[in-house]
Amino acid sequence: MKFKAVLFSSLMALGFLCCEHLFSQNARIKIDTDRIIGEVNPNIYGNFVEHLGRCVYGGIYDPGSPLSDDKGFRKDVMEAARELNVSIVRYPGGNFVSNYHWLDGVGPQEERVTRMELAWNVLETNQFGTNEFVEWSRRMGAEPFFTVNMGTGTIEEARRWVEYTNVSEGPYYAELRRKHGYPEPHNIKYWALGNEMDGSWQMGALNAEDYAKKARETAKLMRWTDPGIKIVAAGSSSYGGDSDPDHWNSTVLRELRNYADYIALHTYVGNRSNDYLTFVATPHVMEHRTKIVRGMVDREMNHARRGSRDPIYIAWTEWNVWYRTMGGEGGSGPRALEEHYNFEDALVVAGFLNGFVRNADIIKMANMAQLVNVIAPIFTSEDDLFRQTIYFPLELFANNALGTSLDVFVDCEEFTLSGTIASEAGRNSFPYLDVSATYNDGEVVIAVINRHQENHINTDIISQTGNFTGSFTVHEITGPDIKAVNDFGNEVVRTIEKPLIRARGDKITYSFPPLSVTMLKGRISK
Ligand code: AHR
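Residues numbered from 1 in each chain as written. Predicted model: local features only at pLDDT ≥ 70, side-chain atom pairs only at ≥ 80, totals over all residues. Heavy atoms only, no water.

Draft legend 1. The site of the ligand, seen in detail. The environment of the ligand is made up of 13 residues, and the closest members are Glu-50, Asn-95, Glu-196, Tyr-268 and Glu-318. Here Glu-50 contributes a side-chain N or O atom positioned 2.6 Å from an oxygen atom of the ligand. Measuring from an oxygen atom of the ligand, one finds a side-chain N or O atom of Asn-195 at 2.9 Å. When the ligand sits alone it has 280 Å² of accessible area, and the protein chains cover 95% of it. When the residues that make up the shell around the ligand are grouped by side-chain class, the tally is six nonpolar, four polar and three charged. (Near = heavy atom within 4 Å. Polar contact = N/O pair within 3.5 Å; in protein donor to acceptor, adjacent residues only side chain to side chain. Areas by Shrake-Rupley, 256 points an atom, 1.4 Å probe, with all protein chains shown as cover. Nonpolar A, V, L, I, M, F, W, Y, C, P; charged D, E, K, R; others polar.)

Following this line, the structure appears as structure tokens:
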């Protein structure tokens, strides 16, 4: 009897210890610098400027403002955008481009005509156009990326735009650019074939077959005008709509497999039902769509004649949180789409960035929509600006998460979801810690979102290919609560610098606070 009691209490003790051990076991992140996904293309930190609301006029361009430079470009906006390390900027739309004729926006400004702009229901003065955008981009240090009008525009109009911007001298449109004061070609490298051409809201929307044929012929003529350009075909923007995105994407890839360098996808997410966990899981939908399109690309590459050219990559040319000003009063007019972002939106934006890094072998471009005022990280008034909550993850990633993307092992508690987002993400469970890592010449950058609303998550970060050495910097995006918003003179959601971690050996233990984005940066010695 005594023996039994001792055995029982020993087992209890053992059981208790096991449970306690299980309960308090640290989460694990394993970093292996040999497990490479691909090179992070800096173009995943791109942005988008559309003639929409106050993005161009009153955003990047405000002639006459004391805050603007000699060309009318807002200097404070440029500075804030430079800090975002914006690599590439898509222009001029968006829906706008489907009724845009580039010739309206070149030449002496006083001779430019005003047009009805039907996408956003305003008048377009055309005071800002091709040459202004190129000059602004160059001053910013970003690559300009043009989208041609495949709605009301023609193949010839698209080809002539390439001639205007990229042909040095000789033919009419190259000479026209020279006459307009630009003796050297602009050498625009990236060209997209239309915007969201599968959407019923698009002027001149097409079905998959008609778009694919028109896009293929446009690509041919544009490339014959300048063989050095990169072509971005319009993938589907209609997930959840009435058209079939898989049919659209596979048709476009088949028809353009010998011509396109990228297929463009778009996604916007929101939290209409105020369901935090579902909302923070939405970037996984983007990753799932990436996976599906990746399979289609593989299939088409099998039949393509591309010589030594790269395979077709994925470009998420529009992505962001957008739901408060979609449709209704805030959805059009001179102050359209002025979304005011909160802290949970910043966590979602960080989730997208982790997702782009995790798919760095196939996602080679992404353009947050948009840069200023319109669903944007930068928000201006006539005499000031502030950085929205979503500015901070972009800034952290674009300045740090570069180099080689690593395939990271993560073991931590998960949350489960059912419903649309789970099925669109192709999974039911999601780790509370959302992680990506990059490696560059001995330096490792680990980005961790703790999506748990209450719990710190104690985590062992383990290096599998050498020891962590020296000091790790720690940056954290934090805010008072998930609904906190920034405003003029009051940026309560922001990045803070935390004490350095002294690293020695193959393990760092760190406690990630609830509702935070943390970026750790330091060295691994092999
Ligand atoms: O970015 C706002 C709009 O969203 C773009 O004009 C359009 O392409 C998309 O539907």
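Structure shown, so let's carry the discussion forward.
Draft legend 2. The nonpolar core, seen in detail. In terms of nonpolar packing, the biggest core is built from 154 residues, with Ile-31, Val-49, Trp-136, Tyr-211, Phe-356, Leu-371 and Ile-461 touching the most fellow members. Considering each element in turn, this core owes the most residues, 10 residues, to helix α10 (residues 343-358). Built from parts of two domains, this core gets at least three residues from each of domain 1 (22-37 + 405-525) and domain 2 (40-403). Apart from residues no more than four positions distant in its own chain, Val-49 is found in contact with Cys-55, Val-56, Ile-60, Val-89, Arg-90, Tyr-91, Pro-92, Gly-93, Phe-133, Trp-136, Gln-370 and Leu-371. (Core = buried A, V, L, I, M, F, W, Y, C linked by side-chain atoms within 4.5 Å. Buried < 20%, exposed > 50% of the residue type's maximum accessible area, 1.4 Å probe, protein only. Helix = DSSP H or I, 4+ residues; strand = E, 2+ residues; numbered from the N terminus. Domains from an automatic or database assignment. Contact = heavy atoms within 4.5 Å.)

Draft legend 3. Main features of the pairing of strand β19 (residues 433-440). Of all eight residues making up β19, seven are buried, and the element is well covered by its neighbours. Pairing of β19 with strand β20 (residues 443-450) involves eight bridges; the strand directions are antiparallel. Bridge pairing links Tyr-439 to Val-444 in β20. Between β19 and β20, which follow one another and run antiparallel, lie two residues, and Asp-441 among them has a positive phi close to 50 degrees. (Pairing = 2+ DSSP bridges.)

Draft legend 4. Just unusual backbone geometry, in detail. Residue Pro-92 is bonded to the preceding Tyr-91 through a cis peptide linkage, with omega at 0 degrees. With respect to the helices, strands and loops of the structure, Pro-92 is situated in the loop between β4 (88-91) and β5 (115-117). The residue after Gly-93, namely Gly-94, is reached through a cis peptide bond having omega 20 degrees. Following the sequence through the fold, Gly-94 ends up in the loop between β4 and β5. Even without being glycine, Asn-85 reaches a positive phi, approximately 55 degrees. For Asn-85, a relative accessible area of 34% puts it in the partly exposed group.

Draft legend 5. Inspection of the packing of helix α4 (residues 155-166) against helix α6 (residues 208-225) at higher detail. For the pair α4 and α6, the least separation of the axes is 9 Å and the interaxial angle reads 25 degrees. In terms of orientation, α4 and α6 fall into the roughly parallel class. In terms of crossing hand, the pair formed by α4 and α6 is right-handed. Along its contact with α4, which presents Ile-155, Glu-156, Ala-158, Arg-159, Val-162 and Glu-163, the element α6 presents Lys-214, Glu-217, Thr-218, Leu-221, Met-222 and Thr-225. Of the residues in the contact of α4 with α6, the class split is five nonpolar, two polar and five charged. (Axes fitted to C-alpha atoms, helices over the stretch in contact; angles between N-to-C directions. Parallel < 35°, antiparallel > 145°, perpendicular 65-115°, else oblique. Left-handed = near helix turned anticlockwise from the far one by under 90°.)

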